[in-house]
Amino acid sequence: MFDYTNFEEASWLRWAAEDKSQAKVCIMGIPFDNAVSLNKGAAKAPERIRSLSVDLSDTTEDFKEIKEGILYDFGDLHVQLDWESYFSQVEESALTVMETGAFPLFIGGDHSVTIPLQKAFARYNQGKKIGIIHFDAHYDLCPSYDEHKWSHACTEARALEDVCGGGDLCFVGIRVAEIQELELMKQHPGITTYRAVDVYEKGAVNVAKELIRKYTDYDGIYLTLDIDVLDPAFAPGTGTPVAGGLSSRELIEIFKRLIRQAPVKAMDLVEVAPPLDVNDVTSWAALRIIHEVLAKASE
């Protein structure tokens, strides 16, 4: 039904499960970057991240072993020229991944791919209380951008239509905003924002604690992580970098607490652009986050 390129045997090596029924984590790549507003390159991320994964450490920074056979890779979902058809296919494919019961990790691609991914998450959790935590330099709350409602600048504007309410949505790392985004936020009260400067002033651990408290009574959280939440010094290979972002240490400290203590049930990692990178620094930052996912699955 779906057109995949399967990488589970060629990549991830010792962590690859022989069958998805054995996996604790399931991955799908979405190499789509037709919705960017500045620089392209994110379509190359799934392939590059996989190729570098073979050199990841067998242990966490706490020296705990990452178990073998915990990860199944569905491969990449081939891009179509028909944008509407492709996003529909992303949504249905994501639902298939979620139905495995393993933790779903999606690798973009630009941030527009989160639109169908979050719709799939809402369908999978129909009738449950769900929220979204969005790590980014940008709000991605534009009702329309470049005359298109599926721009990577419109991700959470679409989510507010049919996935969650304002009180269920939280942003981390924000440092720029469009006027139209601020206007939309007035129409959806309850949205929580931790700007990059707030993380700096409060401290990453305190921000993580507040997020965990906020989502205590939720059934599930979708976590979307735009790599440009990091300062460009830590993630130069991304299409719309903004100075003044989180450090790698701050992001890791927040993320590893959320993945262990909050009801995070699915996530994506987007906007890594290998052609724009320096010495694969940005891809390695993404792999550091994936390492934490594998660490949690190994517990």
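Here, the structure is the one placed above.
Computed from a prediction, not measured in an experiment: that's the story for all the values here. (Residues numbered from 1 in each chain as written. Predicted model: local features only at pLDDT ≥ 70, side-chain atom pairs only at ≥ 80, totals over all residues. Heavy atoms only, no water.)

(A) Summary view of helix 4 (residues 155–162). Where burial is concerned, most of helix 4 is hidden: six out of the eight residues are buried. For helix 4, the set of buried residues is T155, E156, A157, R158, A159 and L160. In the core, the buried residues of helix 4 are packed alongside helix 3 (114–124), strand 5 (130–135), strand 6 (169–174), helix 5 (179–187) and strand 8 (220–226). (Buried < 20%, exposed > 50% of the residue type's maximum accessible area, 1.4 Å probe, protein only. Helix = DSSP H or I, 4+ residues; strand = E, 2+ residues; numbered from the N terminus. Contact = heavy atoms within 4.5 Å.)

(B) Up close: the layout of surface pockets. One number sums up the size of the largest pocket: a volume of about 210 Å³. As for the largest pocket, its lining consists of 18 residues, and the residues nearest its centre are S37, H138, D140, A153 and E178. (1 Å grid on protein atoms, 1.4 Å probe; cavity = no way out; pocket = protein on both sides within 12 Å on 5 of 7 lines; lining within 4 Å. Points joined across faces, edges and corners; volume = space filled by probe spheres on them.)

(C) Just the pairing of strand 8, in detail. Counting buried positions along strand 8 yields seven of seven residues, so the element is predominantly enclosed. Side chains of strand 8 alternate between two faces, with G220, Y222, T224 and D226 and I221, L223 and L225 buried alike. In this sheet, strand 8 lies alongside strand 5 in parallel orientation, the contact comprising six bridges. Note on strand 8: the bridge partner recorded for I132 is Y222. Taken together, the six bridges between strand 8 and strand 9 (residues 264–270) define a ladder with parallel strand orientation. The partner of D226 across the bridge, within strand 9, is V270. Note that the unit made of strand 8, helix 8 (residues 248–261) and strand 9 has a crossover that is right-handed. (Pairing = 2+ DSSP bridges. Right-handed = clockwise from strand over helix to strand, strands pointing away.)

(D) Seen up close, the packing of aromatic side chains. Evaluation of the coordinates by the stated rule reveals eight aromatic pairs. Arranged with centres 5.6 Å apart and planes meeting at 55 degrees, the rings of F32 and W83 form a pair that is tilted. Of the two residues, F32 is situated in the loop between strand 2 (25–30) and helix 1 (45–53) and W83 in helix 2 (residues 83–98); the sequence distance between them amounts to 51 residues. Neither F32 nor W83 differs from the other in exposure class; each is buried. Through a chain of ring-to-ring contacts, the aromatic side chains of F32, W83, Y86 and F87 assemble into a single cluster. The ring of W15 has R14 sitting right over it, with the charged end atom 4.2 Å from the ring centre. Across the ring face of Y215, the terminal group of K214 is positioned such that the distance to the ring centre comes to 5.4 Å. (Phe/Tyr/Trp six-rings, centres within 6.5 Å; stacked < 30°, edge-to-face > 60°. Lys NZ or Arg CZ within 6 Å of the ring centre and 35° of its normal.)

(E) Molecular detail of the pairing of strand 9. Of all the seven residues making up strand 9, six are buried; the element is thus mostly covered by neighbouring parts of the structure. Sheet topology note: the strand 4 (residues 103–108)/strand 9 ladder contains three bridges and is parallel. What sits directly across from I107, in strand 9, is L269.

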